[in-house]
Amino acid sequence: MTAFVALLRAVNVGGTGKLPMTELKAMCEELGFGAVHTYIASGNVVFTSRKSESTIKAALEKRLHAYAGAPVGVLVRSAAEMAGVLANNPFPKMAPNRTVAIFLDKAPAADTIAGIRGQKDEEIRLGRREIYVHYGDGMGTSKLVIPAAKAGTARNMNTIATLAKMAAEL
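What you are looking at is a predicted structure, and each value in this text was computed from that prediction instead of being measured.

A. The arrangement of the side chain of Ser78 in detail. With respect to the element layout, Ser78 can be found in strand 4 (residues 74-78). Among the residues examined, Ser78 registers a relative accessible area of 15% and is labelled buried. Setting aside chain neighbours within four positions, we find Ser78 in contact with Thr2, Ala3 and Phe4.

The following block contains the structure:
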């Protein structure tokens, strides 16, 4: 069994995408995932499975679409990959609540940085299948637009550290 972390896009954000974490947990259990645990009400779930990442992603997206009546994006990482995202944070000395990894399904394109608009004091680095961003003044006032991040979902380093730890303990 491999431990995985699934990150849902646009769940309980801005009053849309309401999904109680108890429902998410039940869905994962119905799909045959083991040791299912959710973390905070923003679409984070940790579990074990013998299935592949792509099979897990497809099954969860199909089940969530049936529940929500609309597509819900899911990004999946193994426990080892999640630990790698944390370890590879290019801003380790910066405030973890102002540093995020935007999770993507595939590696960011080489021209990702060139397409960015509205950059002020934010620092951006490309990862394996992530875009790392440190928001100097915080996300609340940022005008940063990263077109390549549209299909991704962001988590701050505090959340990533907790999810990596939860997954490692399964």
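B. Focus on the layout of surface pockets. The computed volume of the largest pocket comes to approximately 450 Å³. Around the largest pocket sit 24 residues that line it, and Val100, Met139, Thr153, Ala154 and Arg155 are the ones nearest its centre. Breaking the lining of the largest pocket down by element, the ones donating at least two residues are strand 5 (99-103) and strand 8 (153-156). In terms of residues, the lining of the largest pocket owes the most to one element, strand 8, which gives four residues. A class-by-class count of the residues in the lining of the largest pocket yields 14 nonpolar, eight polar and two charged.

C. View of the packing of helix 3 (residues 79-87) against helix 4 (residues 157-168). Put simply, helix 3 and helix 4 touch, their axes get as near as 9 Å, and they point 150° apart. Here the hand of the crossing between helix 3 and helix 4 comes out left-handed. Together, Ala79, Met82, Ala83, Val85 and Leu86 of helix 3 and Met157, Ile160, Ala161, Leu163, Ala164, Ala167 and Ala168 of helix 4 make up the contact between the two elements. Each residue belonging to the contact of helix 3 with helix 4 can be placed in one class, and the counts come to 12 nonpolar, no polar and no charged.

D. Representation of the sheet that holds strand 6 (residues 123-126) within the structure. Strands sit in the order 6-7-5-8 across an open sheet of four strands; the sheet is antiparallel. Strand pairing shows two members of the sheet lacking a second neighbour, strand 6 and strand 8, which therefore form its edges. Adjacent strand axes in the sheet meet at a mean angle of 25°, parallel and antiparallel pairs treated alike. Pairing analysis gives four bridges linking strand 6 to strand 7 (residues 130-134), with the strands arranged antiparallel. Bridge pairing links Glu123 to His134 in strand 7. Helix 4 contacts strand 5, strand 7 and strand 8 of the sheet and is inclined by roughly 85° relative to strand 8.

Conventions used here
Residues numbered from 1 in each chain as written. Predicted model: local features only at pLDDT ≥ 70, side-chain atom pairs only at ≥ 80, totals over all residues. Heavy atoms only, no water. Helix = DSSP H or I, 4+ residues; strand = E, 2+ residues; numbered from the N terminus. Buried < 20%, exposed > 50% of the residue type's maximum accessible area, 1.4 Å probe, protein only. Contact = heavy atoms within 4.5 Å. 1 Å grid on protein atoms, 1.4 Å probe; cavity = no way out; pocket = protein on both sides within 12 Å on 5 of 7 lines; lining within 4 Å. Points joined across faces, edges and corners; volume = space filled by probe spheres on them. Nonpolar A, V, L, I, M, F, W, Y, C, P; charged D, E, K, R; others polar. Axes fitted to C-alpha atoms, helices over the stretch in contact; angles between N-to-C directions. Left-handed = near helix turned anticlockwise from the far one by under 90°. Pairing = 2+ DSSP bridges.

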